[in-house]
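# Structural overview
The lines below spell out each chain.
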Amino acid sequence: IMGCYSWSKQACYSPLPHDLLKSHQLTIRTTPNSNMKILAILYQGGNAAKEEPRLLGTVENELGLREWLTSLGHEFIVSDDKEGPDSVFEKNIVDAEVLITTPFHPGYLTADLINKAKNLKICITAGVGSDHVDLNAARSRAISVLEVTGSNVVSVAEHVVMSILLLVRNFVPAHEMIERGDWQVSDIARNAFDLEGKVVGTIGAGRIGYRVLQRLVPFNVKELLYYDYNPLPEQAAKDINVRRVEKLEDFVSQCDVVTVNCPLHEGTRGLVNADLLKHFKKGAWLVNTARGAICDKDAVAAALKSGQLSGYSGDVWNVQPAPKDHVWRTMKNPLGGGNGMVPHYSGTTLDAQARYAAGTKEILENYFNGAPQTPANIIVDGGKYVTGSYGQR
Ligand code: NAD
C-alpha cells in the first residue's frame, strides 16, 4: 500500500498518468457471480444526451455499458431517481451487488443504506471523488470502493485556471454588462487585476492541485504555494518552484488566490469556515472545484458580501443538484461581482466522459474476472483505506 501511495505521488506530476496507472496492480477480493444486479445512478441528459452520444455519463447513454452487461447476463438498472425511500436508488440498493455512480449526480450511499445493502460488494465512482459513499461504513462491511483515478484531472485543472482568471479579471460582470446593453468600462476595471505578480496556493497538491500549479507557471505569479499533509516529491516541487506551508492559517494568509483541490473527508468537511476566512488576505479570491462541503456555505457567502473575499468560483455544491434558492447561486461582492459558480461539470467534459466510461468498464471487467484492480483506483478495500488521500490515518 505504501508502495502504491508513493507511486501515486509520482504519477501526480507525470504527463501520462493513465499509462503509468496500468503497470502496478494489487489484488482485491471478489466473489464474481453471473447474473449480478448492477445499479447505476447517473444524471438525466434530456435532449442533449439523445443528440450527443458522447454524453456517456447520462441515464440515456448509460456509460456505454448496457449491451456489454446484458450480453454477460447481468441485470443493469440505470436511473437518476435517487432521493427518498421510494426512489429507484433506495429500492434497488438493497439487493444490488455493484453500485456505479457519478459525483455529478451522486447516489448518496449513507451508513444506513449500506446497512440495508446486503449484497453490495463494490461501489464504482465513474469519475474522481468517492465522498458520496460513507467510506467508514463501507470499510466496516468490507465493501470495495473504487474510482477512475486520473480520468478527469486535466479537465478540472483547466477549469480551475479559467475560474482563477475570470475572478481576478472580473470577467462575469463585464460579460453581463455587455448582455444588458450597457458599456461602462470603469465599473469593471475598478475591480480587475492581472494574475501576474499574485501569490496562488492550493489546498491539496495531488493530481489536480499539482496540475493547476503547473499550468500557472507561465503566468509569472509572485509565488506558488501548497498546503498538504503529503509533501510533493522534491523534484516535483522543484520543477514548478512551489513552496509548502505547513500551517493552514499561515498558508491562506499569504495567498491572493486559494484553490481547493483535496477530497472531502472528516478532516476537510467545513475546513474553509468563518474562522479560517478571517485569516485570508482581505479581498482574496477562492476557487473550489473539489467538493462544496469543504467550504462552509454561509461563511463563504458572508465573506463575499463583506468584501473579505473578492470572489468565489467553482462547480461543486454541498447538495447536488443545488436547490434553486442556494445562496451561492446569487451571492455577490460589494461591487456586484465575484461569483463564478456553475453546475458541477468541470470534470465531465466529453473528453473526460470517454475516459471515465472506459475506466468504469475496466474496473467491472477486473471485478467479473476476479482480476487485480489498478491500485491507484482503489479508495477502500478489504476494510481498509488503500488511498493515502482521504486524510491521515
Ligand atoms: P488526489 O488523491 O490525487 O489528491 C488529493 C490530495 O489532497 C492529496 O495529495 C491529499 O494528500 C490531499 N489532502 C487530503 N486531505 C487534505 C487536507 N486535509 N489538507 C490538505 N490536503 C489534503 O486527488 P485529485 O485527483 O487531485 O482529486 C482531488 C479531489 O477533487 C477529488 O477527491 C474530488 O473531490 C475533486 N474532483 C472534482 C471534480 C469536478 O468535476 N469538480 C472532478 C475530479 C475530482
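Shown above is the structure to which this text applies.
Residues numbered from 1 in each chain as written. Predicted model: local features only at pLDDT ≥ 70, side-chain atom pairs only at ≥ 80, totals over all residues. Heavy atoms only, no water.

## What to know about helix α11 (residues 207-216)
Burial analysis of α11 places 8 of its 10 residues in the buried class, the great majority of the element. Turning to α11, its buried residues number three or more, namely R207, I208, G209, Y210, R211, V212, L213 and L216. (Buried < 20%, exposed > 50% of the residue type's maximum accessible area, 1.4 Å probe, protein only. Helix = DSSP H or I, 4+ residues; strand = E, 2+ residues; numbered from the N terminus.)

## Some remarks on the sheet that holds strand β8 (residues 242-244)
Reading across from one edge, β8-β7-β6-β9-β10-β11-β12 is the order of the 7 strands in this open sheet, with parallel pairing throughout. Single-partner strands in this sheet number two, and they are β8 and β12 (339-341). Neighbouring strand axes in the sheet, compared pairwise and without regard to direction, differ in orientation by 20° on average. Both strand β10 (residues 284-288) and strand β11 (residues 309-314) contribute to a ladder of 5 bridges, which runs parallel. Bridged to L286 within β11 is Y312. (Pairing = 2+ DSSP bridges. Axes fitted to C-alpha atoms, helices over the stretch in contact; angles between N-to-C directions.)

## What to know about the site of the ligand
Taken together, 31 residues sit near the ligand, with I208, D228, N230, T289 and S389 positioned nearest. The contact in question runs from an oxygen atom of the ligand to an N or O atom on the side chain of H344, over 3.1 Å. Sorting the residues of the shell around the ligand by element identifies α8 (153-168) and α11 as the ones contributing at least two each. Per-class residue counts for the shell around the ligand are 13 nonpolar, 13 polar and 5 charged. (Near = heavy atom within 4 Å. Polar contact = N/O pair within 3.5 Å; in protein donor to acceptor, adjacent residues only side chain to side chain. Nonpolar A, V, L, I, M, F, W, Y, C, P; charged D, E, K, R; others polar.)

## So, the nonpolar core
If you look at the biggest cluster of nonpolar residues, it comprises 35 residues, and the most contacted ones within it are I203, F251, L277, F280, L286 and V300. Contributing elements (two or more residues each) for this core: β6 (199-203), α13 (248-254), β9 (257-260), α14 (274-279), β10, α15 (297-306) and β11. Broken down by element, this core gets its largest block of residues, 5 residues, from α15. Excluding residues within four positions of it along the chain, F280 makes contact with V252, V258, V272, L286, Q308 and L309. Of all hydrophobic cores here, the second largest spans 31 residues; its members include I38, W68, I122 and A126. (Core = buried A, V, L, I, M, F, W, Y, C linked by side-chain atoms within 4.5 Å. Contact = heavy atoms within 4.5 Å.)

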